[in-house]
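Below are the chains, spelled out letter by letter.
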Amino acid sequence: MGTISWQTVTPDEAPELQAIAAALEAFHGWLAEHGHMERGQLISEALAVLASDTRNDVVDVEAVLAVEFEEFFPLDRAYLDALAGDCELVCIAEENGSVRRTWVEDGPVTEYVSFNESRRGVSETPSTRPAATAAYFAEETVLKDPGAGLVSVLAANSSDEQLAEIANEIEDLVAQPDWGYDDIAVATKQSGSAVTDTIEALEGTGIPTESTTVIGFGDDPAIRELLAAVRHLAEEDEDESPEHGPDLDTERLDRVSEMDSLENAIRWWATDSGLKQRIADRASPLDARAQFGNVRRAFRMAEFLEETAFVDTTWGSFKQMLERAHEYASQQNQTSATDLDGGVRVDHLQAIKNESFRAVFLVNLVDGEYPGDAFLTRLFPTERVVSMPDYPGVTQLDEGDVDATFPTTSTASGLPFAQYHTEHARRQLAIGAGAATERLYCCLYEYEDTALEERTQASRFLTTAYEDLPWVIEADEPHITSERAAEKYLLSRVDDTLAEVRRANSQNVTVSLDEVESELGEIQDLLDESGSRGAELREALRARVEFANGEVRR
């Protein structure tokens, strides 16, 4: 419904979409009767104002400059046309640079609009290797080596180890005198858990992060706590009350249930239970700000129930509304509403488009992710979506549509739908690579984090870049710059040493025990100087050696 609302789509062929559109129209009608408006109606309402006699009361400009025009949806273009009116309108678009619009509309944006004058800017030859790599991903052009910059392939065994390698490389960079954390970005293909998992992994190593992708309603621990309280209040019979944690004060909730106003009751509970203080204590400033906003949204739901006759004003209704919002909420991207505070930028690729960072890490460059499988909606199977001619996304395609949208050819598939979304994934990589000014890291891993440890394949885009671009090289072994990396090296060195000794016995290989003894002696000296932490690591080393020898102790 949200997709249809923002795009003003009117399905007339697929019966499922017609049913959704009818429900949306009825919902909008009911909202209008009760003085409300759904967010997706904002542009449509603005268009109505611009077309009315009150236009001059809200628009006072002589010219309009539209940038990033290649990403304007049809509704965006209609709004821009109405906003400009008789004013001078200038639109700037980047060729082969659209990732947002091309998800719902194929071809270049110039196919859908006409101007009095069109001018094509002169393209400059990329001056750095990351920029030349971005041009290769976007247009499949192999340029002369610019000589400046660095493009490295950073490989690890698993996805978790990949993030650990990224963290260590970041610490190595910021150890240099002219580098800061805000010079660096880590980009994922999708938003949601991909971003939050990366943030947690980096912050777990002590690296500060910032993001424009904030915690959504479904991920918010404050909302989960609020939902637990509402579920308790919604149960009339104490024997049927759901299980709750020890922090949920049932006596306080009993007082809440006696209040007349549902909104005032839930506000009082949140204040008296110290929810605000807990949010501030356990969350970073960015996440705390997002969680406060989500709690305010929950308060507005309670207010909505009290003001409308459409739904009963009961704890049961509030529980149902909150549960559905929690279950189906998506990760929110709030670029313009977020104040960044100087950490490593962690976001999905579309969020860093047209920004610049000295170093960019592109994570999960495996074939299952780039290109991966096209994913349009969880509501219908992909096979059904492809057969819907009026679905609000790119589904009905032929080879000419693919060629008109993308100059690259990266797949042997004969299905235009698969070809289109494969090239779209490659375009996303071009956007991420273009954000790097000095260093670009293409990160991947060899095994999935599953019980079977399935082996992954490097992204086909990265494989061809490695073959065609001589400056794409494997990353050097990073220096040890963090305590976690030091611990990992320390424990792995013991394993490697034992393995070398065993191979010497079975493969007729010579190993210098004097060198082994010297190295382990240096480790012992370092542990002696490390106080209590060194003592803990010495115990870990001893346990590691005993376990390798088949000895088990508590």
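Look up a bit, the structure's there.
The following refers to the structure shown. Note on numbering: residues in each chain are counted from 1, in written sequence order. Residues qualify for local features only when their pLDDT is at least 70, as the model is predicted, and side-chain atom pairs are given and counted only at 80 or more; totals for whole chains, interfaces and linings, by contrast, use all residues. Only hydrogens and water are set aside when side-chain values are computed; all heavy atoms of the structure are taken into account.

Overview of the pattern of salt bridges
Oppositely charged side chains may form a pair once their charged atoms are brought near each other. Heads up, the condition is: Any carboxyl oxygen of Asp or Glu that lies within 4 Å of a side-chain nitrogen of Lys or Arg is treated as forming a salt bridge with it. Starting at the N terminus, helices and strands are each numbered in turn, a helix being any DSSP run of H or I of at least four residues and a strand any DSSP run of E of at least two. Working definition: with a 1.4 Å probe on protein chains only, accessible area under 20% of the residue-type maximum means buried, over 50% means exposed, and in between means partly exposed.
One pass over the structure, following the stated rule, counts 22 salt bridges. In this structure, Glu68 and Lys353 form a salt bridge, with 3.8 Å as the shortest nitrogen-oxygen distance. Within this pair, whereas Glu68 is found in the loop between strand E1 (63-66) and helix H5 (74-84), its partner Lys353 is found in the loop between strand E8 (344-348) and strand E9 (357-362), the two being separated by 285 residues in sequence. With a closest N to O distance of 3.0 Å, Arg101 and Glu105 form a salt bridge. The pair Arg101 / Glu105 is uniform in exposure class, with both members buried. One salt-bridge network, in which partners are shared between bridges, spans Glu68, Glu70, Glu71 and Lys353.

Describing the packing of aromatic side chains
A ring pair, where both rings are aromatic, is described by two values, the distance of the centres and the angle of the planes. Note the cut-off: What counts as a ring pair is set by centres within 6.5 Å for rings of Phe, Tyr and Trp (its six-membered ring), and what kind of pair is set by the plane angle: stacked under 30 degrees, edge-to-face over 60, tilted for all other angles.
For the structure shown, the criterion picks out 7 aromatic pairs. Geometrically, the ring pair formed by Trp30 and Phe304 is edge-to-face, given 5.9 Å between the ring centres and 70° between the ring planes. Of this pair, Trp30 sits in helix H2 (residues 15-33) while Phe304 sits in helix H13 (residues 285-307), placing them 274 residues apart in sequence. Between Phe69 and Phe72, the ring centres sit 5.1 Å apart and the planes meet at 50°, which makes this aromatic pair tilted. Accessibility classification places Phe69 together with Phe72 in one group, the buried group. Within the aromatic cluster, the residues linked to one another by ring pairs are Phe69, Phe72 and Phe115.

Digging into the packing of helix H9 (residues 221-234) against helix H12 (residues 275-282)
Test applied: Working convention: axes come from line fits to C-alpha atoms, limited for helices to the stretch in contact. Angles between N-to-C directions cover 0 to 180 degrees. For classification purposes, an angle smaller than 35 degrees is called roughly parallel, one larger than 145 roughly antiparallel, one from 65 to 115 roughly perpendicular, and anything else oblique. By convention, the crossing between two helices is left-handed when the near helix turns anticlockwise from the far helix through less than a right angle, and right-handed when the turn is clockwise. The contact criterion used is simple: two residues touch if any of their non-hydrogen atoms lie within 4.5 Å. Asp, Glu, Lys and Arg are counted as charged, while Ala, Val, Leu, Ile, Met, Phe, Trp, Tyr, Cys and Pro are counted as nonpolar; the rest, among them Gly, fall into the polar class.
Interhelical geometry of H9 versus H12 gives an angle of 150° and a closest axis separation of 10 Å. What the angle tells us is that H9 and H12 run roughly antiparallel. Between H9 and H12 lies a crossing whose hand is right-handed. On H12, the residues touching Pro221, Ala222 and Glu225 of H9 are Leu275, Arg278, Ile279 and Arg282. Here the contact of H9 with H12 is built from residues that sort into 4 nonpolar, no polar and 3 charged.

Brief notes about the packing of helix H3 (residues 42-50) against H5
Interaxial distance between H3 and H5 falls to 9 Å at its minimum, and their mutual angle equals 25°. Classified by the angle their axes make, H3 and H5 are roughly parallel. With respect to the hand of their crossing, H3 and H5 are arranged in left-handed fashion. In contact with Ile43, Ser44, Ala46, Leu47 and Leu50 of H3, H5 contributes Leu75, Asp76, Ala78, Tyr79, Ala82 and Leu83. Its residues assigned to classes, the contact of H3 with H5 shows 9 nonpolar, 1 polar and 1 charged.

Describing the nonpolar core
The cut-off we apply is this: Residues belong to one nonpolar core when they are buried, are Ala, Val, Leu, Ile, Met, Phe, Trp, Tyr or Cys, and are joined through side-chain atoms within 4.5 Å.
Of all hydrophobic cores here, the largest spans 33 residues; its most connected members are Phe137, Val360, Leu362, Leu365, Leu429 and Leu440. Mapped by element, the contributors of at least two residues to this core are helix H6 (129-139), strand E3 (150-156), strand E4 (184-188), E9, helix H17 (416-434), strand E10 (436-445) and helix H18 (460-468). Beyond its immediate chain neighbours, meaning those up to four positions away, Leu429 contacts Phe137, Leu349, Leu362, Leu365, Tyr370 and Phe461. Counting residues in hydrophobic clusters, the runner-up holds 29 residues, among them Ala222, Leu262, Ala270 and Leu275.

Spatial relationships are all this shows, so hold off on functional conclusions.
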